[in-house]
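# Fold and geometry: a report
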Amino acid sequence: MDLDLNLLRVFVAVAEGDNFRAAADRLGVTRSAVSQGMRKLEDRLGVALVTRSTRSVRLTEAGHRLHQQIAQPLARIGAALDDALDDGPPRGLLRVAVTSIAERFLAGPLVARFAEAYPQITLDVTVTDDESDIVAQGFDAGVRLGEVIEQDMIAVPLTGPVRQVVVATPGYLAAHGTPTHPRELVAHRCIGWRPAPGVAPYRWEFVQDGQDFDVAVQPQVTTNDMLLMVRTALAGGGLTIGIEETFAPWIARGELVTLLDDYLPPFPGFFLYYPDRRNLPPKLRALIEHVRGFRGAG
């Protein structure tokens, strides 16, 4: 069948964006162009691929099958074309999904220096704690803790080992006491984290005598925003937990203090990860080398 590959790219963008507007933004075209492209593709194939509503689209059974079959081959074709056309500086749109706790990536300098070094690359960073497949979601790469990265991905270290810390203000501890064992946290006002609405709050994890255990604190405040956790703790709102680097400036100034350190040993840190491909796009290779250099300089 003679078929315009651009129509398939439109379909993949719709399938991964859940609506025509998101697909249009991703492709850099108008919403009507996406709608017309989908109509042409469905007419050409003679089958409905999506079910439309006023706010979203849902894949039909045929649409699901088609998306599963073509998403990765199209990504490989795009990478191969980028490689074949590599006759100048890296360029194009580079989409990266980054966990909200990856302070090393999100602090600013890494991204700013990358943008300065590669002016023809548009870096689109989505901060998300969704652990879905980055390939299926149309991302070129991701940044997560090494322990949760899929085994079939290539991982490049972004940091060395990291550790979590429990922190509070000196004022809060003076008023409410300092817990000496993680089990005592249940008697304190805690500020918790959850990755998404409707998901149970994170159970605080510790190690004692080489054995892992967790504590199901009952947070009085729960959020998916690390900055809100920091600000609430700084205001004396209670104890919170997170990667040490996140709290480092306030710990250094004495505005926050750590506790329960003996129960929080280091563990493997953050990695930039991406699918195992024969031909990496130059834009992705540029980011990989930048991360390696940035880590070495840090």
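Residues numbered from 1 in each chain as written. Predicted model: local features only at pLDDT ≥ 70, side-chain atom pairs only at ≥ 80, totals over all residues. Heavy atoms only, no water.

Per an unreviewed UniProt entry, the recorded name for the chain is LysR family transcriptional regulator, and the organism is Luteimonas flava. According to its UniProt record, the chain has this under Sequence similarities (unreviewed entry): "Belongs to the LysR transcriptional regulatory family." (UniProt positions renumbered as here; feature names shortened; annotations may be inferred.)

## Regarding the packing of helix α1 (residues 5-17) against helix α2 (residues 20-27)
At a minimum axis separation of 8 Å, α1 and α2 run at an interaxial angle of 125°. Comparing the axis directions of α1 and α2 gives the class oblique. For α1 against α2, the interelement crossing comes out right-handed. For the pair formed by α1 and α2, the contact residues are R9, V10, V12, A13, V14, E16 and G17 on the first element and F20, A22, A23, R26 and L27 on the second. Partitioned by chemical class, the residues of the contact of α1 with α2 number eight nonpolar, one polar and three charged. (Axes fitted to C-alpha atoms, helices over the stretch in contact; angles between N-to-C directions. Helix = DSSP H or I, 4+ residues; strand = E, 2+ residues; numbered from the N terminus. Parallel < 35°, antiparallel > 145°, perpendicular 65-115°, else oblique. Left-handed = near helix turned anticlockwise from the far one by under 90°. Contact = heavy atoms within 4.5 Å. Nonpolar A, V, L, I, M, F, W, Y, C, P; charged D, E, K, R; others polar.)

## What about the pairing of strand β3 (residues 92-98)?
Buried residues dominate β3, accounting for five of its seven residues. As defined by bridge partners, β3 adjoins strand β4 (residues 121-127) across seven bridges and the pair is classed as parallel. Its bridge partner lying in β4, G92 is registered against I121. With three bridges connecting them, β3 and strand β5 (residues 141-145) associate as parallel partners. Its bridge partner being in β5, A97 is matched across the sheet by G142. (Buried < 20%, exposed > 50% of the residue type's maximum accessible area, 1.4 Å probe, protein only. Pairing = 2+ DSSP bridges.)

## Regarding unusual backbone geometry
Glycine aside, residues mostly have negative phi, and peptide bonds are mostly found in the trans state. In this model, D209 sits at a positive phi of 55°, which is unusual for a non-glycine residue. As for its position among the elements, D209 is in the loop between β9 (204-208) and β10 (211-215). We note that L260 has phi near 60°; this positive angle belongs to a residue other than glycine. Summarising the element assignment, L260 is placed in the loop between β13 (257-259) and β14 (270-275).

## A few points about the side chain of H181
Inspection of the secondary structure puts H181 in the loop between α7 (170-176) and β8 (190-193). For H181, the side chain forms a polar contact with the main-chain nitrogen of R183, separated by 3.0 Å. Engagement of the side chain of H181 in a polar contact is seen with the side chain of Q208, the distance being 3.2 Å. Excluding residues within four positions of it along the chain, H181 makes contact with Q208, F213, L260 and Y263. (Polar contact = N/O pair within 3.5 Å; in protein donor to acceptor, adjacent residues only side chain to side chain.)

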